[in-house]
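The residues making up each chain are set out below.
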Amino acid sequence: MNLADSEEMAAHLLMRGYALTDQLDQADLVIINTCTVRDHAEHRALSLLGRLRKWKREKDGRHIIFAGCAAQRLGEKLKKTFPYLDLISGAREIDHFADLCDRSGLFAPAPGGEADKRGVTGYVTIMRGCDFACSYCIVPAVRGPVHCLSSKEILTNAARKAQEGHPEIMLLGQTVNAWKEERKTFADLLNEVSALPGVERVRFVSPHPAFITPQFLEAVKNNPKIARHIHLPAQSGSTKVLQEMKRGYTRETLLQKIHALKECGFAISTDLIVGFPTETEEDFLQTLTLVEQAGFSAAYCFKYSPRQGTPAAQLPLLDEKTLEQRLDILLNKVRGLAEHAYSRHIGQQATVLMESPHKGRTSDNFWAQTKKSYKIGSVVQSEVSASDGTLLFTRD
Ligand code: SF4
């Protein structure tokens with residue numbers, strides 16, 4: 001979401017004649033697009049903002065925008081600590097970013113800029129906000145309830161991205177597969193986007209397990225343009241903890257969905273939290289066995305960290321030593337998942353969307369290196385002959 005929001009803000013500024021740079025000393029403007037899901041992320045963003053004070057003082061005409069979820073959460077009070085901050089643009093204001101720039105008077109409209117054409121992936125936001133209320137999560141408070149963009153708007157944006165040279169479209173939303181419009185479902189939308197001229201592959205993030213339905217599986221199963229990778233956050237393997245987290249599913253229903261997805265050829269990566277305040281040793285063991293039974297292709301593991309304003313933040317924390325130990329054990333368990341997943345491809349056909357002349361990603365999201373050189377954005381079919389655990393090597 002942050003990548004897409006950053007692109008959207010950059011696109012407005014590109015249209016005003018700005019150009020992108022990754023050299024701070026060459027920049028006239030810095031946008032810090034923030035995440036507030038974890039305390040640590042917010043601290044890092046604020047610390048960067050503090051360090052930019054010197055950069056701003058060094059030359060007239062330099063500006064700083066603080067954007068995204070932390071900006072939404074902290075609001076105007078940021079200006080007390082960081083008076084040199086020019087603009088605060090909360091996560092809910094992204095759709096009005098151009099107006100915000102106009103109203104600020106900081107950026108003179110200078111039409112004639114170019115769209116950003118970097119990368120094979122074009123990001124398209126299809127919904128914002130979240131209607132769930134996971135007990136540890138700050139997102140609903142910061143981003144608000146679900147708001148789905150219309151299919152017309154989404155298809156227009158996706159078609160534009162494809163025309164600009166992005167053959168892969170990534171559909172984005174906090175609970176992306178909750179998207180709906182009257183009788184139209186998320187699966188219908190995937191099929192419509194994949195049928196647009198120039199679209200070779202469609203991905204989506206972040207889905208919620210509650211919306212992995214038989215109808216969804218039926219609709220995607222016959223469409224090879226829908227990438228066979230899903231990042232499905234499990235968070236815990238214990239039904240008791242999942243209920244306390246208010247995730248809306250049990251271990252059993254989650255495993256059923258995972259197996260159904262695998263039958264359709266999906267590789268599944270996940271997020272796991274260790275040390276939720278009510279997590280017992282037995283609950284933690286359930287997370288370990290979930291990893292074994294699910295056969296994830298990758299797992300991102302986090303220590304629970306309380307976010308002020310969420311129900312779980314009222315609960316007493318587990319001690320730090322237990323948290324560290326559980327994280328270590330889990331990290332050892334998930335180490336090697338990717339290597340194993342890579343090795344499973346040897347001898348199989350892969351469909352690779354090229355991101356550089358010799359490198360691209362398979363439909364199930366593994367990096368592949370080709371022998372021959374191919375045009376960026378082209379789709380190559382080839383057999384996988386070997387893997388080093390981080391890369392597949394194809395015969396062609
Ligand atoms: S589904 Fe749960 S974890 Fe995900 S954004 Fe919504 S409240 Fe947060």
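Small disclaimer: the values here were computed from a predicted structure and weren't measured.

1. What to know about the packing of helix α1 (residues 2-15) against helix α5 (residues 97-104)
Then, in step 1: Relative orientation of the contacting elements α1 and α5 amounts to 50°, with a least axis distance of 10 Å. In terms of their interaxial angle, α1 and α5 are classed as oblique. Seen from above, α1 lies across α5 with right-handed handedness. Of α5, the residues touching α1 (which contributes Met-9, His-12 and Leu-13) are Phe-97, Ala-98 and Cys-101.

2. What about the site of the ligand?
Then, in step 1: If you check the shell around the ligand, you find Cys-130, Phe-132, Cys-134, Tyr-136, Cys-137, Val-139, Pro-140, Thr-175, His-208 and Arg-247 and nothing else.
Then, in step 2: A breakdown of the residues in the shell around the ligand according to their chemical character gives seven nonpolar, two polar and one charged.

3. Some points on the environment of Lys-372
Then, in step 1: Mapped onto the secondary structure, Lys-372 falls in the loop between β16 (367-369) and β17 (379-387).
Then, in step 2: Between the alpha carbons of Lys-372 and Lys-359 there is a distance of 9.9 Å; along the sequence they are 13 residues apart.

4. Thoughts on the side chain of Thr-121
Then, in step 1: Topologically, Thr-121 is positioned in strand β4 (residues 121-125).
Then, in step 2: Judged by relative accessible area, which is 10%, Thr-121 ranks as buried.
Then, in step 3: Within the structure, Thr-121 has its side chain in polar contact with the side chain of Glu-168 (distance 2.8 Å).
Then, in step 4: Ignoring any residue separated from it by four or fewer positions in sequence, one finds Thr-121 in contact with His-166, Glu-168, Met-170 and Arg-361.

5. So, the state of the cysteines
Then, in step 1: Counting across every chain of the model gives zero disulfides.
Then, in step 2: You can see Cys-301 has no disulfide; the closest cysteine sulfur is in Cys-35, sitting 17 Å from it.

6. Quick word on the domain arrangement of the protein
Then, in step 1: What the domain assignment reports for the protein is domain 1 (2-11 + 27-104), domain 2 (121-341) and domain 3 (345-394).
Then, in step 2: The straight-line distance from the C-alpha centre of domain 2 to that of domain 3 is 25 Å.
Then, in step 3: Each partner contributes residues to the interface: domain 2 has 15 residues there, and domain 3 has 13 residues.
Then, in step 4: Between domain 2 and domain 3, the buried area comes to about 1,100 Å², and carbon and sulfur atoms account for 51% of it.
Then, in step 5: Considering only the surface of domain 2 that becomes buried against domain 3, Arg-201, Arg-203 and Ala-341 emerge as the three largest contributors, covering 39% of it.
Then, in step 6: Along the contact surface separating domain 2 from domain 3 lie one salt bridge.
Then, in step 7: Here Glu-168 makes a salt bridge to Arg-361, at a shortest N to O gap of 3.0 Å.

7. Let's talk about helix α2 (residues 39-58)
Then, in step 1: Under the 1.5 Å per step criterion, the end-to-end length of α2 is 30 Å for 20 residues, consistent within 8% with the ideal 28 Å.
Then, in step 2: Of all the bends in α2, the largest measures some 30° and sits at Leu-52.
Then, in step 3: Three or more residues of α2 are buried, namely Glu-42, Ala-45, Leu-49, Leu-52, Trp-55 and Lys-56.
Then, in step 4: Those residues of α2 hidden inside the fold are in contact with β1 (29-34), β2 (63-68) and α3 (69-74).

8. Structural notes on the layout of surface pockets
Then, in step 1: If you add up the space inside the second largest pocket, you get close to 720 Å³.
Then, in step 2: For the second largest pocket, the lining is made up of 23 residues, of which Ala-10, Leu-20, Thr-21, Leu-29 and Ile-31 are closest to its centre.
Then, in step 3: Contributing elements (two or more residues each) for the lining of the second largest pocket: α1 and β1.
Then, in step 4: Broken down by element, the lining of the second largest pocket gets its largest block of residues, seven residues, from α1.
Then, in step 5: Partitioned by chemical class, the residues of the lining of the second largest pocket number 13 nonpolar, five polar and five charged.

9. A closer look at unusual backbone geometry
Then, in step 1: With omega at -5°, the peptide bond leading from Val-205 into Ser-206 counts as cis.
Then, in step 2: Summarising the element assignment, Ser-206 is placed in the loop between β10 (201-205) and α9 (214-221).
Then, in step 3: Here Gln-235, not a glycine, exhibits a phi torsion of approximately 75°, which is positive.
Then, in step 4: Tracing the chain through its elements places Gln-235 in the loop between β11 (229-231) and α10 (239-245).
Then, in step 5: With a relative accessible area of 9%, Gln-235 lands in the buried category.

10. Quick notes on the pairing of strand β14 (residues 349-356)
Then, in step 1: Relative to β17, β14 is paired through five bridges, and the arrangement is antiparallel. Of the residues in β17, the one forming a bridge with Val-352 is Val-380.
Then, in step 2: Relative to strand β15 (residues 359-362), β14 is paired through four bridges, and the arrangement is antiparallel. In the sheet register, Ser-356 faces β15, and the bridge partner there is Lys-359.
Then, in step 3: A loop of two residues connects β14 with β15, the two strands running antiparallel in sequence.

11. Observations regarding the side chain of Thr-362
Then, in step 1: Looking at the secondary structure, you find Thr-362 in strand β15.
Then, in step 2: Residues contacting Thr-362, with those up to four places away along its chain left out, are Arg-201, Arg-203, Ala-350, Thr-351, Val-352, Ala-368 and Leu-392.

The rules we used
- Residues numbered from 1 in each chain as written.
- Predicted model: local features only at pLDDT ≥ 70, side-chain atom pairs only at ≥ 80, totals over all residues.
- Heavy atoms only, no water.
- Axes fitted to C-alpha atoms, helices over the stretch in contact; angles between N-to-C directions.
- Helix = DSSP H or I, 4+ residues; strand = E, 2+ residues; numbered from the N terminus.
- Parallel < 35°, antiparallel > 145°, perpendicular 65-115°, else oblique.
- Left-handed = near helix turned anticlockwise from the far one by under 90°.
- Contact = heavy atoms within 4.5 Å.
- Near = heavy atom within 4 Å.
- Nonpolar A, V, L, I, M, F, W, Y, C, P; charged D, E, K, R; others polar.
- Buried < 20%, exposed > 50% of the residue type's maximum accessible area, 1.4 Å probe, protein only.
- Polar contact = N/O pair within 3.5 Å; in protein donor to acceptor, adjacent residues only side chain to side chain.
- Disulfide = S-S within 2.5 Å.
- Domains from an automatic or database assignment.
- Buried area = accessible area lost by both parts, 1.4 Å probe.
- Salt bridge = Lys/Arg side-chain N within 4 Å of Asp/Glu carboxyl O.
- Expected span 1.5 Å × (residues − 1).
- Bend = angle between axes of the 7 residues up to and from the residue.
- 1 Å grid on protein atoms, 1.4 Å probe; cavity = no way out; pocket = protein on both sides within 12 Å on 5 of 7 lines; lining within 4 Å.
- Points joined across faces, edges and corners; volume = space filled by probe spheres on them.
- Pairing = 2+ DSSP bridges.

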